[in-house]
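Coordinates in review
What follows is each chain in one-letter form.
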Amino acid sequence: MRVSLCMIVRNEEADLPHCLESVVDLVQEIIVVDTGSTDATREVARRYGAKVVDYPWTDSFAAARNESLRHATGDWIFWMDADDRLDADNRERLRRLFASLPEANVAYLMKCVSSRDPHDDRPGLEVDHARLFRNLPGLRWEYRVHEQIMPSLARLGAQAKPCDVVIRHAGYEDAQHSWHKLERNLRLLLLEHAERPDDPVTLFNLGWTCLALGRPQEAASYLRRSLERTPENLNYRPKLYALLARAHLQTQQPAEA
């Protein structure tokens, strides 16, 4: 089974080598979509044998990721960000997983742990991502930011399956950089919201982002609307309740919390 590593990047010359070093000998193809780097990112990617595709930024991470899918020729897609890291143990787990890939239509869920600024005493965020899946015709990423592949995989009949690979994401270790990311995400989420005003996932992410930016009243409004539209069985519904409770506490509404 051939595995294509798909990435989207911009000005990642510092982080990209650390990421690619851990996987370059595990995959058969590397597709790097560059959305406008002004540093040596493209040259770094080519040093590791990547096919580099220039793609103008269109205010959509999903669009850029879909461009990477368009160029991938492997049987399986594995995606990473430039600031993702694999330690030795998880690199070995990934090697074993690649060596045992089935013919079945499976999407493997991997835990992604985002570490924070060392001066921030809050725990790092852990999220399960579908990081490895079949390269299926018609497969598409969705949403401008916090982009999702599982809705498309589900429509194509993929079975989600957890695995033991853990990826560390270093993109939130710098507090100032994290704040800029949140502001960027809010701008993209508002664009998405204008296009899909009743989408519960977009409303959830708007609430989460506003809360992180210190805007709890706006957050509560988005989260309530998301809760009204989110089916009982969706896995992020408990997180919705937790965020909404936090927003109420921050607006001095303990009874509502």
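Since we're looking at a predicted model, the values are computed, not measured. (Residues numbered from 1 in each chain as written. Predicted model: local features only at pLDDT ≥ 70, side-chain atom pairs only at ≥ 80, totals over all residues. Heavy atoms only, no water.)

Our focus in this paragraph is the packing of aromatic side chains. All chains considered together, the criterion is met by seven aromatic pairs. Between the aromatic rings of Trp76 and Tyr108, the centroid separation amounts to 6.0 Å while the plane-to-plane angle is 35°, which identifies the pairing as tilted. On the criterion of sequence distance, the pair formed by Trp76 in strand β4 (residues 76-79) and Tyr108 in strand β6 (residues 106-116) is long-range, its members being 32 residues apart. Aromatic side chains Phe204 and Trp208 sit 5.4 Å apart centroid to centroid with 70° between the ring planes, which places their arrangement in the edge-to-face category. (Phe/Tyr/Trp six-rings, centres within 6.5 Å; stacked < 30°, edge-to-face > 60°. Helix = DSSP H or I, 4+ residues; strand = E, 2+ residues; numbered from the N terminus.)

By the secondary structure assignment, Glu228 is in helix α8 (residues 216-229). Linking Glu228 and Glu13, residues 215 residues apart in sequence, is a C-alpha distance of 43 Å. Polar side-chain contacts of Glu228 include one of 3.4 Å to the side chain of Arg229. (Polar contact = N/O pair within 3.5 Å; in protein donor to acceptor, adjacent residues only side chain to side chain.)

Here the focus is the nonpolar core. The biggest cluster of nonpolar side chains holds 44 residues, and the ones touching the most others in it are Phe133, Leu139, Trp141, Ile149, Leu153 and Leu223. A total of six residues in this core trace back to one element, the largest contributor, which is helix α7 (residues 200-212). When sequence neighbours within four positions are dropped, the list of residues in contact with Trp141 reads Ala62, Arg65, Asn66, Leu69, Trp79, Phe133, Glu147, Gln148 and Ile149. (Core = buried A, V, L, I, M, F, W, Y, C linked by side-chain atoms within 4.5 Å. Buried < 20%, exposed > 50% of the residue type's maximum accessible area, 1.4 Å probe, protein only. Contact = heavy atoms within 4.5 Å.)

Before going further, it helps to spend a moment on the packing of α7 against α8. One way to put it is that α7 packs onto α8 with a least axis distance of 8 Å and a crossing angle of 155°. The orientation of α7 relative to α8 falls into the category roughly antiparallel. The two elements α7 and α8 meet at a crossing, and its hand is left-handed. Contacts from Pro200, Leu203, Phe204, Leu206, Gly207, Trp208, Cys210 and Leu211 in α7 reach Pro216, Glu218, Ala219, Tyr222, Leu223, Arg225, Ser226 and Arg229 in α8. By residue class, the composition of the contact of α7 with α8 is eleven nonpolar, two polar and three charged. (Axes fitted to C-alpha atoms, helices over the stretch in contact; angles between N-to-C directions. Parallel < 35°, antiparallel > 145°, perpendicular 65-115°, else oblique. Left-handed = near helix turned anticlockwise from the far one by under 90°. Nonpolar A, V, L, I, M, F, W, Y, C, P; charged D, E, K, R; others polar.)

As a further point, take the confidence of the model for the chain. The share of residues in the chain with pLDDT of 70 or more is 95%, and the mean pLDDT across the chain is 94. Across residues 117-123, confidence stays below pLDDT 50; counting only partners more than four residues off in sequence or on other chains, it has seven contacts. (pLDDT = per-residue confidence, 0-100.)

A separate point is the pattern of salt bridges. Scanning the entire structure with this criterion turns up 21 salt bridges. Ionic pairing is found between Arg42 and Asp34, a salt bridge with its closest N-O pair at 3.2 Å. Lys111 serves as the salt-bridge partner of Asp128, at 3.1 Å between the closest nitrogen and oxygen. Highlighted residues: Asp128 in strand β7 (residues 125-134) and Lys111 in strand β6, separated in sequence by 17 residues. Residue Lys111 is classed as partly exposed on the basis of its relative accessible area, which comes to 31%. Counted as one network, the salt bridges with shared partners bring together Asp25, Arg91, Glu92, Arg95 and Arg96. (Salt bridge = Lys/Arg side-chain N within 4 Å of Asp/Glu carboxyl O.)

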